[in-house]
Amino acid sequence: MQPENKKIPISVLVLLHNERGEVLLLNRLQPTGFWQSVTGSLDSWDEPPFQAALREVHEETGILLPENALRDWHFCTEYEIYAHWRHRYADGVTRNTEHWFSAQIDSGCEIVLSEHSECEWLPANAAAEKVFSLSNREIILQWSQPEK
């Protein structure tokens, strides 16, 4: 049973990119200067990560992605939750499992921010340098590499 008002330590990371090979980054409201792709935790233990990814894209950008536009990477990584954010989770929770997704969106579509102060389109290498999260950097670099 998840304690009331505590985050579930399972999340999604959604890399949004456009037709020109640029990545959409969002600047967090708190703390500012933390640039990232769309991210978010599951709302309930039974919410599938795929549905959480669609929901988070809509909540954070206002974009309603059709299911067939979302690519499930069938990959997840685990990382340590920053100490200053652990109060959001149940006592003793120190690690989070993150599922990766991506979607191409039109660079001209309207972005309606709700949890971020600003957004910008950047070339993949510049976006990888700007994000604070190592896993966010990794998905950008993997996405930008040509198929071998």
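The sections below set out a description of the structure shown in this document. (Residues numbered from 1 in each chain as written. Predicted model: local features only at pLDDT ≥ 70, side-chain atom pairs only at ≥ 80, totals over all residues. Heavy atoms only, no water.)

What follows is about unusual backbone geometry. In the Ramachandran plot, H74 falls in the positive-phi region, its phi being about 50° despite a non-glycine side chain. Note that H74 resides in strand β5 (residues 71–80). A relative accessible area of 71% places H74 in the exposed class. (Helix = DSSP H or I, 4+ residues; strand = E, 2+ residues; numbered from the N terminus. Buried < 20%, exposed > 50% of the residue type's maximum accessible area, 1.4 Å probe, protein only.)

Turning to the layout of surface pockets, a few remarks are in order. By volume, the largest pocket is sized at about 750 Å³. When contributions to the lining of the largest pocket are tallied by element, the ones reaching two or more residues are β1 (10–17), β4 (38–41), α1 (49–61), β5, β6 (95–104) and α3 (134–144). Split by residue class, the lining of the largest pocket holds 11 nonpolar, 11 polar and 11 charged. (1 Å grid on protein atoms, 1.4 Å probe; cavity = no way out; pocket = protein on both sides within 12 Å on 5 of 7 lines; lining within 4 Å. Points joined across faces, edges and corners; volume = space filled by probe spheres on them. Nonpolar A, V, L, I, M, F, W, Y, C, P; charged D, E, K, R; others polar.)

Regarding α3, the residues found buried are S135, N136, I139, I140 and W143. The buried residues of α3 occupy an angular sector of 140° when the element is viewed end-on, so they sit on one face. Its buried side turned inward, α3 meets β1, β2 (22–28), β3 (35–36), β5, β6 and α2 (124–130). (Arc of directions from axis to C-beta. Contact = heavy atoms within 4.5 Å.)

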